[in-house]
Amino acid sequence: QYRERAYRRCRWVWEKIILGRNHKNLNNKLEEFRKSAGMTQQELSNNANVSRKSINAIENGIYVPSTVLALKIAKILKCKVEDIFKLPFFALGIF
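Residues numbered from 1 in each chain as written. Predicted model: local features only at pLDDT ≥ 70, side-chain atom pairs only at ≥ 80, totals over all residues. Heavy atoms only, no water.

## What to know about the nonpolar core
Part 1: Counting 15 residues, the largest nonpolar core has Leu 30, Leu 44, Ile 58, Ile 73, Leu 77, Ile 84 and Phe 85 as the members making the most contacts within it.
Part 2: Of all the elements in the fold, those that place two or more residues in this core are α3 (41-48), α4 (52-59) and α5 (67-76).
Part 3: The biggest single contributor to this core is α5, with 4 residues. (Core = buried A, V, L, I, M, F, W, Y, C linked by side-chain atoms within 4.5 Å. Buried < 20%, exposed > 50% of the residue type's maximum accessible area, 1.4 Å probe, protein only. Helix = DSSP H or I, 4+ residues; strand = E, 2+ residues; numbered from the N terminus.)

## Looking at α4
Helical geometry note: an α-helix holds 3.6 residues per turn, so side chains three or four residues apart project in the same direction.
Part 1: Turning to α4, its buried residues are Ile 55, Ala 57, Ile 58 and Glu 59.
Part 2: On its buried side, α4 packs onto β1 (27-28), α2 (30-36), α3, α5 and β2 (85-86).
Part 3: A positive backbone phi angle near 75° is found at Gly 61, which sits one or two residues after α4. (Contact = heavy atoms within 4.5 Å.)

## So, unusual backbone geometry
Part 1: The phi dihedral of Asn 49 is positive, around 60°, even though this residue is not glycine.
Part 2: The topology assignment puts Asn 49 in the loop between α3 and α4.
Part 3: One non-glycine residue, Lys 78, lies in positive phi territory at about 55°.
Part 4: Accessibility expressed as a relative area gives 76% for Lys 78, which makes it exposed.

## What to know about the pattern of salt bridges
Part 1: By the definition in use, this model includes 2 salt bridges.
Part 2: For Glu 31, the salt bridge is made with Lys 35, and the minimal N-O distance between the two is 3.0 Å. Separated by 4 residues within a single helix, Glu 31 and Lys 35 lie in helix α2, roughly one turn from each other.
Part 3: In this structure Lys 35 comes out as exposed when scored by relative accessible area, which is 51%.
Part 4: The partner of Arg 34 in a salt bridge is Glu 59, and the shortest N-O contact between them spans 2.5 Å. Here Arg 34 is found in helix α2, whereas its partner Glu 59 is found in helix α4, with 25 residues between them in sequence. In terms of burial, Arg 34 and Glu 59 fall into one category: buried. (Salt bridge = Lys/Arg side-chain N within 4 Å of Asp/Glu carboxyl O.)

Below, the structure written as structure tokens:
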């Protein structure tokens, strides 16, 4: 029981400190790419046909976009999906 609590505590610290604003299963650089393209969240959301809140939630690691939305965003920002969205190394079974 102690070991389980210690593991959960370490996991929580890992997610808060290391991952920061990224979702536990997906790291993203959407805000960085969007700003370098000179776009606001509203402009990106209009082009992708989603709400501004959706873009904000993705940037803050609250929401993981669908494959279709991720592809739309990458096309709008003129980059590859893999440039914006990456799996954390522990999701690959390394951690």
